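Geometric and topological summary
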Amino acid sequence: MRIDENEGVSASSKHLVFAYYVTGHGFGHATRVVEVARHLIAAGHDVHVVTGAPDFVFTSEIQSPRLKIRKVLLDCGAVQADALTVDRLASLEKYVETAVVPRAEILKTEVEWLHSIKADFVVSDVVPVACRAAADAGIRSVCVTNFSWDFIYAEYVMAAGYHHRSIVWQIAEDYSHCEFLIRLPGYCPMPAFRDVIDVPLVVRRLHKTRKEVRKELGIAEDVNVVILNFGGQPSGWNLKETSLPTGWLCLVCGASETLELPPNFVKLAKDAYTPDIIAASDCMLGKIGYGTVSEALSYKVPFVFVRRDYFNEEPFLRNMLEFYQCGVEMIRRDLLMGQWKPYLERAVSLKPCYEGGINGGEIAAHILQETAIGRHCASNKLSGARRLRDAIILGYQLQRVPGRDIAIPEWYSRAENELGQSAGSSPTVQANENNSLVESCTDDFDILQGDVQGLSDTWTFLKSLAMLDDFHDSAKSTEKKTMRERKAAGGLFNWEEEIFVARAPGRLDVMGGIADYSGSLVLQMPIREACHVAVQRNHPGKHRLWKHAQARQQAKGQVPTPVLQIVSYGSEISNRAPTFDMDLSDFMDGDEPISYEKARKFFAQDPAQKWAAYVAGTILVLMTELGVRFEDSLSFLVSSAVPEGKGVSSSAAVEVASMSAIAAAHGLSIDPRDLAILCQKVENHIVGAPCGVMDQMTSSCGEANKLLAMICQPAEVVGLVEIPNHVRFWGIDSGIRHSVGGADYGSVRVGAYMGRKMIKSMASSILSQSVSSANGGNSDELEDEGIDLLEMEASLDYLCNLSPHRYEARYADKVPDTMLGQTFIEEYMDHDDPVTVIDGKRSYSVKAPARHPIYENFRVKTFKALLTSATSEEQLTALGGLLYQCHYSYSACGLGSDGTNRLVQLVQGMQHNKSKSEDGTLYGAKITGGGSGGTVCVIGRNSLRSSQQILEIQQRYKAATGYLPLIFEGSSPGAGKFGYLRIRRRISL
């Protein structure tokens, strides 16, 4: 189609030559460049596009001699392991190969080329080196994008190690040479740009109507159509006729010619114009990218999307989809298994409501033209400096490791200093231009007490808190634009009253694990991921109630009474209700709190709301154990980044953060250790999970980059162990859901307590016989045994107080492998565990569960001593060997899993397959926490090679299982070290 030279941007009296650089990351960038370029060409200018994309992407839409295409690739974007997964390490290595090694030659070539075409202006989407080349050539430049590669690669660097950090700084410095950024909606933090102009969506225009497209394809108007748009059909996908609801039709983009499709699937031609087909469809199924999102929003087509791992642009685009009621997330497993129906049916029930501009291409072209001829389009320099500082705080938090600061380059520092010198000014910046968490949070809230401690996740939580008022206001008139959780949370707080915020991290079980309930020494590391809880007290008469809670009170004919309302983010991920509410009087039985047993039944009656026991249970425990009475209504907002079911104590993080926030709101001074013990009661007695106390202790008492050393008898912190600089710990998620409430964990605990009871009984029997013998005149045997030792064993409180050699010498051959529950009850009456119940009909393993904590306590003590010993290869090998021993002991108890065993085997393979010339990097691994799935802890040398091997294990595990495991690395402070924040919303006058 030929461009109408009179449309779009008004023609300039000066003919200009634009050099337009396009990143090598996908077609989405190229297609939006087409839209900007065609408006520049329509205004009479020449556009030289530098790209690696096929020519037809440009020539199918622009047929003009003013368009010049130069096939050169100057960056590589993100390398994808498959259609839905980015390979972080490969992306960095490819960028080094493409843009770092040949950098000097690239700059020389580009400067010469820019001079040869007599370029007036350089535009980049969003090739870093193009900005530097333009500066070297003495030509002005501008970037047009919704993300920048310094932000995208920043997270990859955290996985790859310090060696690659210079890449990010170089990219950011290249971007700093451009004059300003033309920023597209759905943008990420972009640290390097000193000034910003926002434009509407850049979207390809439609050529045909919905009716025309359907007529050409032979599709009736009453047929529901989904377009499958993954940028090329990935190999190995099995498309099924049953994937679609009855009567539906699926149009497949990019299908190979040899792919056979079911009768309700139709291949689209290679040259099919996708925007027209999207607009003619009822919904789209694909992966998120700027092109798919912008077209779904513009044409009001619901988008069923599947997440891509490590695709850092995605969350920002996803948020935009959800805000405008245009997105439905599909679980990857359901995509591959063909379980599409519920997602498609939900999608067509949505009413997309994006009403913003879609002429961003025209507006961007106008800005470029006006800037090129010398007119000033950007905002004032101070706002640019503010934005730069804000972006440093937001974007480069990604590269900061707790306890270890990374130096900021001089050119960043200068901009920050310039801002500081102008601090007296207060320029007006539109809200949608403000890219700073810190500045906006301090603008939104007065922090009356406490310190954020530089934790980026806490700033993010405060920002989300500040945005709730906007959600509440929008819900009054545009309810369809809000998500369920955000809508519920929007009316949760009274902004005239104080709010209390607490934070508690998850934990990585380095050593100790299930031996905690048997009194072992444990070593635990608080992880980077944490739970935040915001709590507010309100007089019942001033409490904002949800409509159904208000109706409940009215039905009872009550005057306003205290009500608990909870909103928990992440409900979609966990398939649970996002809200919970109850009258606090339901926790009372007359003048006394209800029993824990009654509370457990109360929360268990609705599976979708059982999660609330972790939060609301903290209130009942405070009532029962400390005599606290709650006369005010309470509003809770729970936001946890600790993933559930991974064995990293997501439940403990929620409990500790919740109780810390309640205590702060009510002026209760509770020692972190005591708070952890109270939280254990929540999990043991109200949730009904028979866990030990180490999870809550780590979340409450831990410190960043240190191992919490604790003897669980019941909870004695014996110190914090510094992690040596040469040692590093990782957690790798097996993808097998772990739960301390599971039958395996509970039965092993029962078996351990059975074994303890047997050992005590045997010691009592030996002691009685020995005393009788001594009274009869033969005291040699009694002296050999030691009466004090036998007395201690006869009253053994914890299995871990029995040494391995003593266990082997006296009791090992007498403890049975298994025992029927009823047989044990008949002989011993009870196993003396307050949180588990013996099933008389079940056969329990006894010997392995009893043996494990006895030997584990010895292993942990040895590990702690080795960790602080002199650095050597032997030290690391011994530390790793202890992890392996622990892992196999778990398996002997029946707490292993195929997934965790496979991960441990992969670590062993890495360790033992190294060449003789290589130093070892990974030394050991073990299943963690309650076992039966969850996360594996890995110990290794703190080096780039170790990080590479962890990523290789991740990919090998995915190749074998189809699941890409999460990797946990990094640490953060426990709730006690964090304290709490007391904040108040600033009310605008």
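Let me sum up the structure you'll find in this document. Since this is a predicted model, take the numbers as computed values, not measurements. (Residues numbered from 1 in each chain as written. Predicted model: local features only at pLDDT ≥ 70, side-chain atom pairs only at ≥ 80, totals over all residues. Heavy atoms only, no water.)

Take the overall build of the chain next. Summing up its helical and strand segments, the chain has 37 helices and 32 strands in all. Scored against the burial criterion, the 989 residues of the chain give a buried share of 59%. If you sum the accessible surface of the chain, you get close to 39,100 Å²; carbon and sulfur atoms cover 49% of it. (Helix = DSSP H or I, 4+ residues; strand = E, 2+ residues; numbered from the N terminus. Buried < 20%, exposed > 50% of the residue type's maximum accessible area, 1.4 Å probe, protein only. Areas by Shrake-Rupley, 256 points an atom, 1.4 Å probe, with all protein chains shown as cover.)

Now for the pattern of salt bridges. Taken as a whole, this structure holds 43 salt bridges when the rule is applied. Put simply, Arg38 and Glu35 hold a salt bridge, and the shortest N to O gap is 2.9 Å. Highlighted residues: Arg38 and Glu35, both in helix 1 (residues 26-42), separated by three residues, approximately one helical turn. For Arg38, a relative accessible area of 4% corresponds to the buried category. Residue Glu35 is classed as buried on the basis of its relative accessible area of 5%. The residue Glu179 makes a salt bridge to Arg140 at a minimum N-O spacing of 2.9 Å. Note that Glu179 is positioned in the loop between helix 7 (165-176) and strand 8 (181-183) and Arg140 in the loop between helix 5 (128-136) and strand 7 (141-145), a separation of 39 residues in sequence. Assessed through its relative accessible area of 31%, Glu179 is described here as partly exposed. Connected through salt bridges with shared partners, the residues Arg210, Arg214, Glu221 and Asp282 form a single ionic network. (Salt bridge = Lys/Arg side-chain N within 4 Å of Asp/Glu carboxyl O.)

Turning to helix 26 (residues 672-687), a few remarks are in order. Taking 1.5 Å of rise per residue, the 16 residues of helix 26 would be expected to cover 22 Å, and the 21 Å separating its terminal C-alpha atoms lies within 8% of that figure. Looking at the packing, one finds that the buried side of helix 26 touches helix 23 (596-604), helix 24 (613-626), helix 25 (650-665) and helix 27 (694-701). By the N-cap criterion, in which a side-chain oxygen at the helix start approaches the backbone nitrogen of a residue two or three places on, helix 26 is capped by Asp671, the distance to Arg673 being 2.9 Å. Of the residues flanking the end of helix 26, it is Gly688, one or two places downstream, whose phi is positive at about 95°. (Expected span 1.5 Å × (residues − 1). Contact = heavy atoms within 4.5 Å. Polar contact = N/O pair within 3.5 Å; in protein donor to acceptor, adjacent residues only side chain to side chain.)

The next subject is helix 34 (residues 873-893). Helix length check: helix 34 (21 residues) gives 31 Å between terminal C-alpha atoms against 30 Å at 1.5 Å per residue, within 8%. Taken together, the buried positions of helix 34 are Gln875, Leu876, Leu879, Gly880, Leu882, Leu883, Tyr884, Cys886, His887, Ser889, Tyr890 and Cys893. Gly894 sits one or two residues past helix 34 and shows a positive phi near 90°.

So, on to the packing of aromatic side chains. Within the structure shown, the criterion is met by 21 aromatic pairs. A ring pair is formed by Phe147 and Trp149, whose centres lie 4.9 Å apart and whose planes are at 85°; its orientation type is edge-to-face. There is no split in this pair, since Phe147 and Trp149 are both buried. Note on Phe580 and Phe603: the rings are 5.7 Å apart at their centroids and 40° apart in plane angle, and the pair reads as tilted. Of this pair, Phe580 sits in strand 20 (residues 579-583) while Phe603 sits in helix 23; the two residues are 23 residues apart in sequence, bridging distant segments of the chain. As far as the burial class goes, Phe580 and Phe603 line up, both buried. Feature note: the residues Tyr95, Phe147, Trp149 and Tyr153 constitute an aromatic cluster, connected by ring pairs. When the ring centre of Trp113 is taken as reference, the NZ or CZ atom of Arg70 above it lies at 4.3 Å. (Phe/Tyr/Trp six-rings, centres within 6.5 Å; stacked < 30°, edge-to-face > 60°. Lys NZ or Arg CZ within 6 Å of the ring centre and 35° of its normal.)

Let us now look at the sheet that holds strand 11 (residues 249-252). Spatial ordering of the open sheet is given by 12-11-10-13-14-15, a layout of six strands whose pairing is parallel. Either end of the sheet is taken by a strand with one partner, and the two such strands are strand 12 (265-267) and strand 15 (327-329). Taken pair by pair, the neighbouring strands of this sheet meet at an average axis angle of 25°, ignoring direction. Bridge count for strand 11 against strand 12 is three bridges, and the pairing is parallel. Paired with Cys250 across the bridge in strand 12 is Phe265. (Pairing = 2+ DSSP bridges. Axes fitted to C-alpha atoms, helices over the stretch in contact; angles between N-to-C directions.)

This next bit is on the pairing of strand 14 (residues 303-306). A two-sided burial pattern is seen for strand 14, the buried positions comprising Phe303 and Phe305 on one face and Val304 and Val306 on the other. Bridge count for strand 13 (residues 283-287) against strand 14 is four bridges, and the pairing is parallel. Residue pairing for strand 14: Lys287 is matched across the bridge by Val306. Handedness of the β-α-β unit built from strand 13, helix 10 (residues 290-298) and strand 14 comes out right-handed. In terms of strand pairing, strand 14 meets strand 15 through three bridges, oriented parallel. Pairing of Val304 across the sheet is with Val328, part of strand 15. (Right-handed = clockwise from strand over helix to strand, strands pointing away.)

This part takes up the sheet that holds strand 30 (residues 935-941). Read from one edge of the open sheet, four strands run 29-30-26-31, paired in antiparallel fashion. The two strands at the open ends of the sheet, each matched to only one other strand, are strand 29 (922-927) and strand 31 (967-968). In this sheet, strand 30 lies alongside strand 29 in antiparallel orientation, the contact comprising five bridges. Within strand 30, the residue paired with Ile927 across the bridge is Val936. Each of strand 26 (727-733), strand 29 and strand 30 is contacted by helix 35 (residues 898-912), which is oriented at about 170° to strand 29, the strand it contacts most. Of the strands in this sheet, strand 26, strand 29, strand 30 and strand 31 touch helix 36 (residues 944-961), which is tilted by about 10° from strand 26.

Summarising the element assignment, Ala865 is placed in helix 33 (residues 847-867). The class of Ala865 is partly exposed, set by a relative accessible area of 48%.

At a minimum axis distance of 8 Å, the contact between helix 23 and helix 26 shows a crossing angle of 70°. Considering the angle they form, helix 23 stands roughly perpendicular to helix 26. Here Tyr596, Ala599, Arg600 and Phe603 of helix 23 come into contact with helix 26, specifically with Asn684, His685, Ile686 and Val687. Considering only residue class, the contact of helix 23 with helix 26 consists of five nonpolar, two polar and one charged. (Parallel < 35°, antiparallel > 145°, perpendicular 65-115°, else oblique. Nonpolar A, V, L, I, M, F, W, Y, C, P; charged D, E, K, R; others polar.)

A word on unusual backbone geometry. In this chain, Asp125 is followed by Val126 through a cis amide linkage whose omega measures -15°. Along the chain, Val126 falls in the loop between strand 6 (121-125) and helix 5. Omega for the bond connecting Gln713 with Pro714 falls within 30 degrees of zero, at -5°, which places this linkage in the cis form. The topology assignment puts Pro714 in the loop between strand 24 (706-711) and strand 25 (716-722). One non-glycine residue, Met829, adopts positive backbone phi at about 75°. Inspection of the secondary structure assignment puts Met829 in the loop between helix 32 (821-828) and strand 28 (843-845). Of note in this structure, Asp832 is not a glycine but carries a positive phi near 65°. Its location among the elements puts Asp832 in the loop between helix 32 and strand 28. Residue class for Asp832 comes out partly exposed when judged on its relative accessible area of 35%.

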